[in-house]
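Chain by chain, the residues run as shown.
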Amino acid sequence: MTTIFDKIIKKELPADIVFENETLMAFKDIHPQAPVHILLVPKKSIRDVASLSPEDGAVIGEIFLVAQKLAEEFGLDNGYRIITNTGSDSGQLVPHLHFHLLGGRKLGPIG
Ligand code: DGP
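All of the points below concern the structure found in this document. (Residues numbered from 1 in each chain as written. Predicted model: local features only at pLDDT ≥ 70, side-chain atom pairs only at ≥ 80, totals over all residues. Heavy atoms only, no water.)

Per the stated rule, a full pass over the model turns up two aromatic pairs. Consider the rings of Phe-5 and Phe-27, whose centres lie 5.4 Å apart with planes at 75°: the pair is edge-to-face. Linking Phe-5 in helix H1 (residues 4-9) with Phe-27 in strand E2 (residues 24-28), this pair joins segments that are 22 residues apart in sequence. On the basis of relative accessibility, which here comes to 6%, the residue Phe-5 falls in the buried class. Among the residues examined, Phe-27 registers a relative accessible area of 2% and is labelled buried. Between the aromatic rings of Phe-64 and Phe-99, the centroid separation amounts to 5.5 Å while the plane-to-plane angle is 70°, which identifies the pairing as edge-to-face. (Phe/Tyr/Trp six-rings, centres within 6.5 Å; stacked < 30°, edge-to-face > 60°. Helix = DSSP H or I, 4+ residues; strand = E, 2+ residues; numbered from the N terminus. Buried < 20%, exposed > 50% of the residue type's maximum accessible area, 1.4 Å probe, protein only.)

Our next topic: helix H2 (residues 57-73). Here H2 spans 25 Å end to end across 17 residues, near enough to the 24 Å set by a 1.5 Å rise per residue. What H2 keeps buried is the set Val-59, Ile-60, Ile-63, Val-66, Ala-67, Leu-70 and Ala-71. Considered in projection along H2, the buried side chains sweep an arc of 140° and stay on one side of the axis. Exposed positions of H2 whose direction lies more than 90 degrees from the buried face are Ala-58, Leu-65 and Glu-72. Against the buried residues of H2 lie strand E1 (17-20), E2, strand E3 (36-42), strand E4 (80-83) and strand E5 (99-103). (Expected span 1.5 Å × (residues − 1). Arc of directions from axis to C-beta. Contact = heavy atoms within 4.5 Å.)

Below, the discussion takes up the site of the ligand. The environment of the ligand is formed by 15 residues, the closest being Lys-28, Asp-29, Leu-93, His-98 and His-100. At 2.8 Å, a backbone N or O of Lys-28 approaches a nitrogen atom of the ligand. The separation between an oxygen atom of the ligand and a polar main-chain atom of Val-94 is 2.9 Å. Protein coverage of the free-state accessible area of the ligand, which is 500 Å², stands at 85%. Breaking the shell around the ligand down by element, the ones donating at least two residues are H1 and E2. When the residues that make up the shell around the ligand are grouped by side-chain class, the tally is eight nonpolar, five polar and two charged. (Near = heavy atom within 4 Å. Polar contact = N/O pair within 3.5 Å; in protein donor to acceptor, adjacent residues only side chain to side chain. Areas by Shrake-Rupley, 256 points an atom, 1.4 Å probe, with all protein chains shown as cover. Nonpolar A, V, L, I, M, F, W, Y, C, P; charged D, E, K, R; others polar.)

Another aspect to go through is the pattern of salt bridges. By the definition in use, this model includes five salt bridges. The salt bridge partner of Lys-11 is Glu-20, with a shortest N-O separation of 3.0 Å. Overall, Glu-20 belongs to the partly exposed group, its relative accessible area being 33%. We note a salt bridge from Lys-28 to Asp-16, for which the minimum N-O separation is 3.8 Å. (Salt bridge = Lys/Arg side-chain N within 4 Å of Asp/Glu carboxyl O.)

Have a look at this one:
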């Protein structure tokens, strides 16, 4: 299934890209929920956490290390939140695995 994120990864659609390497891309969310709201996306088309395979472990680890680097770069010295949605109960809108990096203000409770 081709999603909007596949098109961003292929540069068929514009995005404010803040990091890219062979396996992942990070770009600013189009509807930011915090002063810093970055999406970290594996280039491989994985639907969500429920669809992960053991061989995806490396890119997931890499995503967290890039998130750590971006949090430093964007000055999130007081903390930040990383979330990912899976399936309809979570409110997942784009069926391509992604992690939201949120920060730059005091975040409310999760739920
Ligand atoms: P989720 O509910 O976890 O599937 O979040 C999807 C996020 O993707 C949502 O916060 C808005 C963002 N988004 C949707 N379409 C686009 C787009 O075309 N460009 C960018 N940069 N973000 C998008």
